[in-house]
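Take a look at the letters that make up each chain.
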Amino acid sequence: MIRITRRGLLQTSAALALPAVGRAQGAPMQLGVLTPLTGAGSFDGPRMLKAMQAVANEINAAGGLLGRKIELVVEDDETNPEAAVRAAHKLIDVDKVPVIMGTWASAVTTAVAPVCWESKTFLTTVSGADSITHLPHQGYLIRTQPNNELQATKHADFIIRHGAKRVFILAIQAPFAEPTRKYLTATLTPKGVEVAGSLVYDKDKTSYRSEVDQALKTKPDMLYLNGYAPDVAVVLRDLYRAGYDGGKFTQSYALTEKSLGELPKEVTQGVITAQPSADLNSPAYAAAAKRLGIATPDSYEAQATDWISIVALTIAKADEATGTAIRYTVRKITNSAAMVVYTAVDGLAALKSGKDIKYSGASGPCTFTDIGDILDCKFRFNGVDNGAFKFIEIA
Amino acid sequence: MLIDIAQLVLNGVMAGAILTTPAIGLTAIYAVLRFPNFSVASHATIGAFAGYCANVWLGWPLVPSSVVAFLVAGLAGSLSDTVVLRPLRPSGLITATIASVALTIALENMVRLGFGNSLRDYDLPIMRDWRFGGLRVGPQQLEDLAISVVAVGTLFAFLAFTRLGKAMRAVADNPTLASIKGIDADRIGQIVNFIAMGLAGLGGMLLGLDTSIDPLTGFRAILAIFAAAVVGGLGSIPGAVVGALTVGVAEELSQLVLPSDYRTVVGFVAILLVLSFRPRGILGARAY
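All of these numbers come straight from a predicted model, not from anything done at the bench.

What counts as what
- Residues numbered from 1 in each chain as written.
- Chains lettered and ligands numbered in written order.
- Predicted model: local features only at pLDDT ≥ 70, side-chain atom pairs only at ≥ 80, totals over all residues.
- Helix = DSSP H or I, 4+ residues; strand = E, 2+ residues; numbered from the N terminus.
- Rg over C-alpha atoms; globule rule 2.2 N^0.38 Å.
- Buried ≥ 20, exposed ≤ 12 C-beta atoms within 10 Å, placed from the backbone.
- Contact = placed C-beta atoms within 7 Å.
- Pairing = 2+ DSSP bridges.
- Core = buried A, V, L, I, M, F, W, Y, C linked by C-beta atoms within 7 Å.
- Axes fitted to C-alpha atoms, helices over the stretch in contact; angles between N-to-C directions.
- Parallel < 35°, antiparallel > 145°, perpendicular 65-115°, else oblique.
- Left-handed = near helix turned anticlockwise from the far one by under 90°.
- Nonpolar A, V, L, I, M, F, W, Y, C, P; charged D, E, K, R; others polar.
- pLDDT = per-residue confidence, 0-100.

Novice: Give me the overall build of chain B: which residues, what numbers.
Specialist: A tally of helices and strands in chain B yields 11 helices and 2 strands. Element order for chain B, N to C, with α for helix and β for strand: α-α-α-α-β-β-α-α-α-α-α-α-α. For 288 residues, the compact-globule formula gives about 19 Å, and the C-alpha radius of gyration of chain B, at 18 Å, lands near that figure. Dimensions of chain B along its principal axes, counting C-alpha atoms only, are 60 × 45 × 35 Å. Expressed as a percentage of its 288 residues, the buried residues of chain B come to 52%. Contacts in chain B between residues far apart in sequence, at least 24 positions, make up 76% of those at least 6 positions apart.

Rendered as structure tokens:
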């Protein structure tokens, strides 16, 4: 039998504790990633993950962060709030990450954000619903995606410019449905474009025939389809079957290259898609393109690039990898008037030499308001012709 | 207004017809094996993907592809039952039911592993709807309806006129008495399971024909399928048909009074009402 004496125990623990300091320096710095690898967001999630991994690899190759290698701990949010909350608890309680990057769907972010701010973990997201930055997040959240107001206003401007007269809004049940409807109406109505009606539908249906009938009864010449890819694909088919040939407008994530390849050409003909545009002229964008080996990374890859860059630079600036340190330091990186840097590696080198920096990103200038919204961004509009996207304008 | 209601009823009948085959699958397994097998959801998905492979990869027309959907889902059902559910059934209803939920998640993810998450479409021409007297109906819907009617009709004939069908009804009605008469209840259970999962697979393909398929195709429909089986009377095959049509039509008609995003509520309310006031379902639990 082994006898454990108090003195023996103290001696052993002291012996174990001493080299622990040395060990910690070699241990990788774990950062949390929570993106949709499955579900409606599964087109963007894996690509956002790749973009973050690429930046992490670049930082690691240049010597790491605070002398440690970055290691991304990845969980799948399944584009599902319940799964996302479980995964967030795992990242926070088990892996003890200071930051979670990557929630995509607004409903998911709305569910995960309280878990984050309660545990003082920083959260970066692409979710667009206005309500998200109005949550009492105490500064533990930033989003690089324009909010509903900015998006809906720019979409409405486009619809007005292109001459529609009667708009019907078909939206999925999601936190962004109502604010988008409100801001669209507020922008369209004064310019003489009538909002003929709106309808919110349930996501898990295999047919939207009745909803389509309801919309078409109002005789619109433009349908604003505010949903996700699986449901918008069904709605587009049902619109074609119902004989509708008028205008159709949707978010780029609701009609992706992939779904364009799968849907019949007749069904997608004439659909206009809008997306927040990455800052194509920025050196940060060029660096992201080179890093990822893609000619034109999209807005989501650009935003993911910016999150990890901002987080890494903030941790370096604060000299501490905790959620609270990130929360108090992040605007010293994003909102400062100092020397502009476009990549994390350049920024880390500048910080090491004692300089102050301002990170300007691939998705845009990345300057945040007090509640964590970006100030402005550009939008890219594409139209579908014969089964392929044709560029219309960036505005 | 009247024409609107007629259109909603028509949409509901079409949607209900598609729910019929998986609902029969669920109810048939309940009748013979005495537990609700929620892995009907993933077998519907497996059928949808099997039909997709036959239709898109091999270029087969719709009807042979739907036979493939039936066979592959049926075989997958036999395999998963032998490996997972059969050994657990002696431990009781709750164990088997929970195991079936776990099984459906596992199978769904196996489909995901092989095919990925993206939406896939069958290789079918999309057609404008036909209109008559203010109503509209899609040619594809009618084809789905026809396939469903033929499948259900064949099943009824099988149960009514063949020796094996009669044996199945006997086991469902009274397993002890059936075994006294020399019917091997275990073997009948396996055959019912094969046919039931095959029907689920066929239903999964029908669900996908009108829209698109992905690994969640069956899971999205499981609430409506379960509601259909419960409303008709869990264990009753004609009940599943009546239940599916009732749930389909009720979901559509609910739009007259409820906003469209509350459609899912209809399935839950139907289950709640039936279990509160008529737990045996509309037709009661007779297996035929």
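Having seen the structure, we can now continue with the description.
Novice: Describe the overall build of chain A, listing the residues and the values that go with them.
Specialist: Along its length, chain A carries 15 helices and 14 strands. Principal-axis analysis of the C-alpha atoms places the extent of chain A at approximately 85 × 55 × 35 Å. Across the 395 residues that make up chain A, the buried fraction comes to 53%.

Novice: Kindly report on the interface of chain B and chain A, identifying the contributing residues and their values.
Specialist: Chain B puts 29 residues into the contact, and the matching count from chain A is 31 residues. Of all the secondary-structure elements, those providing two or more residues to the side of chain B that touches chain A are α1 (2-33), α8 (185-210), α9 (217-232) and α11 (263-277) of chain B. With 4 residues, the single largest contributor to the side of chain B that touches chain A is α1 of chain B.

Novice: Describe the pairing of strand β10 (residues 271-277) of chain A, naming the residues involved and giving the relevant values.
Specialist: Consecutive residues of a regular strand have side chains that alternate between opposite faces of the sheet. All names here are of chain A. Counting buried positions along β10 gives 6 out of 7 residues, so the element sits mostly inside the fold. Inspection of the sheet shows strand β9 (residues 247-251) paired to β10 by 4 bridges, in the parallel sense. Bridging across to β10, T250 finds its partner in T273. Pairing of β10 with strand β13 (residues 378-385), which is carried by 6 bridges, proceeds in the antiparallel orientation.

Novice: Give me helix α15 (residues 344-352) of chain A: which residues, what numbers.
Specialist: Residue pairs spaced three or four apart in an α-helix point in one direction, given the helix's 3.6 residues per turn. Residues and elements named next belong to chain A. Listing the buried residues of α15 in full gives A344, D346, G347 and L348. At its buried positions, α15 is contacted by α2 (45-61), α13 (299-318), β11 (339-341) and β12 (357-359). Of the residues flanking the end of α15, it is G354, one or two places downstream, whose phi is positive at about 85°.

Novice: Go over unusual backbone geometry with me, naming the residues and quoting the values.
Specialist: Residues and elements named next belong to chain A. Even without being glycine, T79 reaches a positive phi, approximately 50°. Among the secondary structure elements, T79 is positioned in the loop between β2 (70-76) and α3 (81-94). Judged by C-beta crowding, with 25 C-beta atoms within 10 Å, T79 ranks as buried. Of note in the backbone geometry, K120 takes a positive phi value of approximately 55° without being a glycine. As for its placement among the helices and strands, K120 is situated in the loop between α4 (106-118) and β4 (122-125).

Novice: Please set out the environment of W117 of chain A residue by residue, giving values where relevant.
Specialist: Residues and elements named next belong to chain A. Among the secondary structure elements, W117 is positioned in helix α4. Its 20 C-beta neighbours within 10 Å are what place W117 among the buried residues. Ignoring anything within four residues of it in the chain, the contact list for W117 reads H137, Q138 and Y140.

Novice: So, the nonpolar core: which residues are in play, and what are the values?
Specialist: In this structure, M52, A88, L170, A229, V311 and A312 of chain A are the most contacted members of the largest nonpolar core, which totals 121 residues. It is α13 of chain A that provides the largest number of residues to this core, a total of 11 residues. When near neighbours in sequence (up to four residues on either side) are disregarded, A229 of chain A contacts A40, F43, Y253, A254, L255, T256 and S259 of chain A together with L119 of chain B. Within the second largest apolar cluster, 82 residues are counted, among which are A28, A96, M168 and M197 of chain B.

Novice: Outline the sheet that holds β13 of chain A, supporting the account with residue identities and numerical values.
Specialist: Residues and elements named next belong to chain A. Taken together, 7 strands build an open sheet; the order of strands is β7-β6-β8-β9-β10-β13-β14 and the sheet is mixed. If you trace the sheet from one side to the other, it starts and ends with β7 (194-201) and β14 (388-394), each paired once. The mean angle between the axes of side-by-side strands here comes to 25°, regardless of whether they run parallel or antiparallel.

Novice: Before we move on, could you go through the sheet that holds strand β1 (residues 29-35) of chain A and cite the residues and values that matter?
Specialist: Residue and element names in this part refer to chain A. Spatial strand order, β2-β1-β3-β4-β5: 5 strands in an open sheet with parallel pairing. Of all the strands in the sheet, just β2 and β5 (141-143) have a single pairing partner and so form its edges. Between one strand axis and the next, the sheet turns through 20° on average, direction left out of account.

Novice: I'd like a rundown of the packing of α8 of chain B against α9 of chain B, residues and numbers included.
Specialist: The relative placement of two packed helices is expressed as an angle between their axes plus a distance between the axes. All names here are of chain B. Contact geometry of α8 with α9 gives a least axis separation of 10 Å together with a crossing angle of 105°. With respect to α9, the element α8 is oriented roughly perpendicular. The segment α8 lies against α9, with G204, L207 and G208 engaging T217, G218 and A221.

Novice: Before we move on, can you summarise the pairing of β2 of chain A with the specific residues and values?
Specialist: Bridge count for β1 of chain A against β2 of chain A is 7 bridges, and the pairing is parallel. Of the residues in β2 of chain A, the one forming a bridge with V33 of chain A is V74 of chain A.

Novice: If you had to explain the environment of A171 of chain A to someone new, which residues and values would you point to?
Specialist: Residue and element names in this part refer to chain A. Within the fold, A171 resides in strand β6 (residues 166-172). Each C-alpha atom, one on A171 and one on G45, is 22 Å from the other, the two residues being 126 residues apart in sequence. Beyond its immediate sequence surroundings of up to four residues, A171 is in contact with A177, T180, R181, S198, V200, N226 and G227.

Novice: How would you sum up the packing of α2 of chain A against α13 of chain A? Please name residues and give values.
Specialist: Residues and elements named next belong to chain A. Two numbers describe how α2 lies on α13: the axes approach to 8 Å, and their chain directions differ by 40°. The pairing of α2 with α13 is recorded here as oblique in orientation. Handedness of the α2/α13 crossing: right-handed. Along the contact surface, α2 presents R47, M48, A51, M52, V55, A56 and I59, while α13 presents Y300, E301, A304, T305, W307, I308, S309 and A312. A per-class count over the contact of α2 with α13 returns 11 nonpolar, 2 polar and 2 charged.

Novice: Explain the confidence of the model for chain A residue by residue, including any values.
Specialist: Caution applies to low-pLDDT regions: their predicted coordinates should not be interpreted in detail. Residue and element names in this part refer to chain A. Mean pLDDT over chain A works out to 91, with 94% of the residues at or above the 70 mark. Taken element by element, the predicted model of chain A shows its lowest mean pLDDT in helix α1 (residues 6-26) (49) and its highest in β4 (98). Taken as a whole, residues 14-24 scores under 50 in pLDDT and shows 0 contacts with residues more than four places along the chain or in a different chain.

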